[in-house]
Amino acid sequence: MEEKKKKTIGFNIIKNDPTDGHGGFGVGALSLENVSPVIIDVEAGEVEVDVGAMHARSAVEKGIKFLKEKAEVPNGKLYWLVWVTIDRKLEGPYYAGVTACEMTVDRSIRRGYKSLPEHVNKMDKSMKRHIMVEHMDEKSKKVLAEFLRNHDEILWNNSTEELKKGLLG
């Protein structure tokens, strides 16, 4: 008799709620539907949403070989990849999770530095409604706060004091 291979459960990106409350397979899976990658160019003081960053394919990352040691990219330009998760509470939608990861890029040598495990862990923390921006420089925090407020003032106003204090001091 031939032995059946055990079915493995891979990572699934689940849109909406395919379980419709039945409590079966897929319950407890996190959805990437409400997560957006925001990239801050620290030097230029510019912020933009780049969904390509979900798969390490943002405009900043294209054509760059990322190394594991920051010292190997001494002239790298600093960027922040910020994972922003939106959720809804009684008062309405709000910025529920905001976490930032460092990334440096030196276009002249087509090399960069980033810690892929950190980027994945910070995305996970954002999805789990954590605010982790304390390690960012002050200029970038203010630029991000202004971007989030201008993007949607209702989301900003409904957000936690932890986020506002973390970005504005």
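Values in this document were obtained by computation on a predicted structure and should not be read as measured data.

*Asks:* Before we move on, could you go through the overall build of the protein chain and cite the residues and values that matter?
*Replies:* What the protein chain contains, in helices and strands, is four helices and seven strands. Sequence-ordered secondary structure for the protein chain, helices as α and strands as β, is β-β-β-β-β-β-α-β-α-α-α. Here the protein chain, with 169 residues, has 38% of them falling under the buried criterion.

*Asks:* Which residues make up the nonpolar core, and what values do they have?
*Replies:* Core analysis: the biggest nonpolar cluster contains 21 residues, and Val-82, Tyr-95, Val-98, Met-136, Leu-144 and Leu-167 have the highest contact counts within it. Counting only elements with at least two residues in this core, the list comes to β1 (35-41), β4 (77-89), β5 (92-106), α2 (138-151), α3 (153-158) and α4 (161-168). Apart from residues lying up to four places away in sequence, Val-98 is in contact with Val-82, Trp-83, Val-84, Ser-126, His-130, Ile-131, Met-132, Val-133, Leu-144 and Leu-163. Ile-39, Ile-64, Tyr-79 and Val-105 belong to the second largest nonpolar core, which has 13 residues in total.

*Asks:* Report on the packing of aromatic side chains, specifying residues and quantitative values.
*Replies:* Inspection of the entire model under this criterion finds zero aromatic pairs. In this structure, Lys-89 packs its charged tip against the face of Tyr-94, placed 4.6 Å from the ring centre. The ring centre of Phe-66 lies 4.6 Å from the NZ or CZ of Lys-114, which sits over that ring.

*Asks:* Which residues make up the packing of α2 against α4, and what values go with them?
*Replies:* It is at 8 Å that the axes of α2 and α4 come closest, and there the two elements cross at 135 degrees. Overall, the two elements α2 and α4 adopt an arrangement that is oblique. From α2, Lys-141, Lys-142, Leu-144, Ala-145, Leu-148 and Arg-149 reach across to α4, where they touch Gly-166, Leu-167 and Leu-168. Split by residue class, the contact of α2 with α4 holds five nonpolar, one polar and three charged.

*Asks:* Outline helix α1 (residues 116-127), supporting the account with residue identities and numerical values.
*Replies:* Since the α-helix turns once every 3.6 residues, residues separated by three or four places project in the same direction. Taking 1.5 Å per residue, twelve residues should reach 16 Å; α1 reaches 17 Å between its end C-alpha atoms and fits that length. Every buried residue of α1 is accounted for by His-119, Lys-122, Met-123, Ser-126 and Met-127. Summarising the axial view, the buried residues of α1 lie within an arc of 140 degrees, below the 170-degree limit, and thus occupy one face. Summarising the contacts, the buried residues of α1 are in contact with β1, β4, β5 and β7 (131-132). Residue Arg-129 follows α1 closely and has a positive phi angle near 70 degrees.

*Asks:* Quick one: what's the story with the pairing of β1, residue by residue and with numbers?
*Replies:* For a regular strand, side-chain orientation follows a simple rule: the groups alternate between the two sheet faces. Within β1, six of the seven residues are buried, which leaves it mostly tucked inside the rest of the structure. Examined bridge by bridge, β1 and β4 share seven bridges and lie antiparallel to one another. Within β4, the residue paired with Ser-36 across the bridge is Val-84. Two elements, β1 and strand β2 (residues 46-49), share four bridges in a ladder whose sense is antiparallel. Looking at β2, one finds that Ile-39 is bridged to Glu-48. In this structure, the hairpin formed by β1 and β2 is closed by a connection of four residues, where Gly-45 is found at a positive phi of approximately 70 degrees.

*Asks:* Got a sec to walk through the environment of Asn-157? Specific residues and values, please.
*Replies:* On the secondary structure map, Asn-157 appears in helix α3. A relative accessible area of 47% means that Asn-157 is categorised as partly exposed. With 62 residues separating them along the chain, Asn-157 and Tyr-95 place their C-alpha atoms 9.2 Å apart.

*Asks:* Talk me through the pattern of salt bridges; I want residue IDs and the actual numbers.
*Replies:* If you walk through the whole model with that rule in mind, you get eight salt bridges. For the salt bridge of Glu-102 with Lys-70, the shortest nitrogen-to-oxygen distance reads 2.5 Å. Here the residue Glu-102 occupies a position in strand β5, and Lys-70 occupies one in the loop between β3 (65-67) and β4, the gap between them amounting to 32 residues. Here Glu-102 falls in the partly exposed class, since its relative accessible area comes to 21%. Between Lys-128 and Asp-124 there is a salt bridge, and its shortest N-O distance comes to 3.1 Å. Given a relative accessible area of 46%, Lys-128 falls into the partly exposed group.

Cut-off values and rules
Residues numbered from 1 in each chain as written. Predicted model: local features only at pLDDT ≥ 70, side-chain atom pairs only at ≥ 80, totals over all residues. Heavy atoms only, no water. Helix = DSSP H or I, 4+ residues; strand = E, 2+ residues; numbered from the N terminus. Buried < 20%, exposed > 50% of the residue type's maximum accessible area, 1.4 Å probe, protein only. Core = buried A, V, L, I, M, F, W, Y, C linked by side-chain atoms within 4.5 Å. Contact = heavy atoms within 4.5 Å. Phe/Tyr/Trp six-rings, centres within 6.5 Å; stacked < 30°, edge-to-face > 60°. Lys NZ or Arg CZ within 6 Å of the ring centre and 35° of its normal. Axes fitted to C-alpha atoms, helices over the stretch in contact; angles between N-to-C directions. Parallel < 35°, antiparallel > 145°, perpendicular 65-115°, else oblique. Nonpolar A, V, L, I, M, F, W, Y, C, P; charged D, E, K, R; others polar. Expected span 1.5 Å × (residues − 1). Arc of directions from axis to C-beta. Pairing = 2+ DSSP bridges. Salt bridge = Lys/Arg side-chain N within 4 Å of Asp/Glu carboxyl O.

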